[in-house]
Every structure is written in C-alpha cells, then in structure tokens.
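A look at the structure
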Amino acid sequence: MQTITIAIDGFSSTGKSTVAKQLAEALKYVYVDSGAMYRAVTLYAMQQKFIVAESFDEDGLINALDNVLISFKYNEEKGFAEVYLNGENVEKEIRTLEVSNYVSTVSTVPEVRRKLVEQQQEMGANKGVVMDGRDIGTVVFPDAELKIFMTASAETRALRRYRELLDRGDDIEYEDVLQNVVSRDYIDSTREDSPLVKAEDAIEFDNSNLSIEDQFERILNMSRDIIGQKKSDS
Ligand code: DC
C-alpha cells in the first residue's frame, strides 16, 4: 500500500490532535504530537528552574539540551503514543495551564526547535505518519502529500480547551483559558523562527461549525484520494 505524510498545522486547540489520532488509527499510520515535545522541553525547563515566574534563563536551557531525551511509547489502552521525558511518562504533567503559559516562549528558541525538528524528521522518514503542530507543513515536512491548516474562532477553541481541563478535574476559569489561547496565537504566529503560517499548498479547514465525526470523514476522504492517486501514478 502507498503511504503518505500528513501534516496538520493550526492554532492552539483547533482539534488537530483529535483528527490526527483518528486518521492514524484508520490508516494504520503513526501519530506524532509535536506539541507534546515542546511541552516536554518546557516541563524540563520548569523542573530545572530555567523558568521561574517571569524569568527565563534561555542560555541555561540551551546548554542543558543534550540532557533532554524525549520519546514516545504506545499506550494500548488509550490508543496513542504517550510522551516521555528522560524515561518518565509526562503525558499528564505537560497538559497543565502552567506549561501552556510557558510553552510558546520556549518554542521561540531556535536551538530547541532545531533539536525537535530533527527528531520529528527522523520519526517520519519512512512516511506513514500523521504529525500535528505549527510548522509541520512548512518546515518539518515541506513535501508532505497532504497538508491541512486548521482554524476555528478563539472563543470556540477556548471553550473546547476549558471543557477538557474541567473534565480532568482542573480548577480553572474560562477567561484564563481564553487569554492563554489568544496569547499563544500571537506568540506562535509572530515568532521569528518558523512562525505558524499556512503553507502555500495547505488546505485551510475551519471546523468551528463541524462535528468531530464530519471533520474526520472529510479529512479521511482527502487522505484516501491522495493515497489512491499515488497508487495510480506508480
Ligand atoms: O499543539 P500544542 O498546543 O500542544 O502545542 C504547544 C505549543 O508548542 C504551541 O503553543 C507552540 C509550540 N509548538 C511549536 O512551536 N511547533 C510545533 N510544531 C508544535 C507546537
């Protein structure tokens, strides 16, 4: 069977990972959550006190980057690969609002990006991968056969994230989540190194008014069309 690379980029909480996981399962591809890798580096920076309140010791983090080992391990029960930081499962710790508040800043550091992009490219070297993030279609896999750029209003996205955090028992205010979404949109799309922009050949996909099922069906059909096309070309 022909395999392709699927890149899903977009703003925070646009539902990229939901559809990426569904696609990977349906196509028997590997799913990689690149945001989880930036979050794991951020958690490391917090643990090592390179980030304390408003201060960020960027050089300290850069010098320690060789000590940061990020890996994924498939969780049969959950049906996706969880992220590990230096051998420890940190899937839950990286999803807190505190990590979310720092991750965009850590993601602006070119040395961090270089390290993670290299690892992401290795993971996708044999195709058959669905990766979501901010720069997947532009930097990590510029030759991906299918590139989706997901959008939805900031309010829709904040509400989704707010419900997710409430469900997992976090004590949280909607306004704080909205503020985090807006602030990350700004930092992610204005940073100098690999800002979040739509790749020229990406398909823009606004899911504000789409159910998760409809969104999945449409993107799965797009994937199958491209896979079929490749098969008939070869
Ligand atoms: O997808 P996410 O919200 O978990 O990503 C967290 C942060 O990581 C996001 O605000 C920006 C950064 N990120 C990035 O810079 N490049 C990527 N490919 C993925 C995430």
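What comes next is a walk through the structure.

Reading the values: the criteria
- Residues numbered from 1 in each chain as written.
- Predicted model: local features only at pLDDT ≥ 70, side-chain atom pairs only at ≥ 80, totals over all residues.
- Heavy atoms only, no water.
- Pairing = 2+ DSSP bridges.
- Helix = DSSP H or I, 4+ residues; strand = E, 2+ residues; numbered from the N terminus.
- Axes fitted to C-alpha atoms, helices over the stretch in contact; angles between N-to-C directions.
- Contact = heavy atoms within 4.5 Å.
- 1 Å grid on protein atoms, 1.4 Å probe; cavity = no way out; pocket = protein on both sides within 12 Å on 5 of 7 lines; lining within 4 Å.
- Points joined across faces, edges and corners; volume = space filled by probe spheres on them.
- Nonpolar A, V, L, I, M, F, W, Y, C, P; charged D, E, K, R; others polar.

Some points on the sheet that holds strand E2 (residues 30-33)
Taken in spatial order, the five strands of this open sheet run E2-E8-E1-E9-E10, and their pairing is parallel. Looking at strand neighbours, the two that pair on one side only are E2 and strand E10 (203-206), the edges of this open sheet. Pairwise comparison of adjacent strand axes, ignoring direction, gives a mean angle of 20 degrees for this sheet. As defined by bridge partners, strand E1 (residues 5-10) adjoins strand E9 (residues 146-151) across five bridges and the pair is classed as parallel. Across the sheet, residue Gly10 finds its bridge partner in E9, namely Met150. Lying on the sheet, helix H1 (residues 16-27) is in contact with E1, E2, strand E8 (129-133) and E9; it crosses E1 at an angle near 170 degrees. Packed onto the sheet, helix H2 (residues 34-47) meets E2 and E8 and runs at close to 40 degrees relative to E2.

Focus: the layout of surface pockets
Each pocket or cavity is described by its volume, and for the largest pocket that value is around 1,100 Å³. Lining the largest pocket are 43 residues, and of these Ser17, Asp33, Arg95, Arg161 and Glu164 sit closest to its centre. Taken together, the residues of the lining of the largest pocket sort by class into eleven nonpolar, 14 polar and 18 charged. One number sums up the size of the second largest pocket: a volume of about 170 Å³. Lining the second largest pocket, in full, are Lys21, Ala24, Glu25, Tyr29, Val30, Tyr31, Tyr74, Gly79, Phe80 and Ala81. Contributing elements (two or more residues each) for the lining of the second largest pocket: H1, E2 and strand E6 (80-85). Counting residues per element, the lining of the second largest pocket draws most heavily on H1, which supplies three residues. Within the lining of the second largest pocket, the residues separate by chemical class into seven nonpolar, one polar and two charged.

Digging into empty space enclosed by the protein
The tally for this structure, following the rule as stated, stands at one cavity of 30 Å³ or more. Size it by volume and the largest cavity reaches roughly 40 Å³. Along its surface, the largest cavity is lined by Ala7, Asp9, Gly137, Lys147, Ile148, Phe149, Val197, Lys198, Ala199 and Ala202. Mapped onto the lining of the largest cavity, the elements with two or more residues apiece are E1 and E9. With three residues, the top contributor of residues to the lining of the largest cavity is E9. When its residues are assigned to classes, the lining of the largest cavity shows six nonpolar, one polar and three charged.

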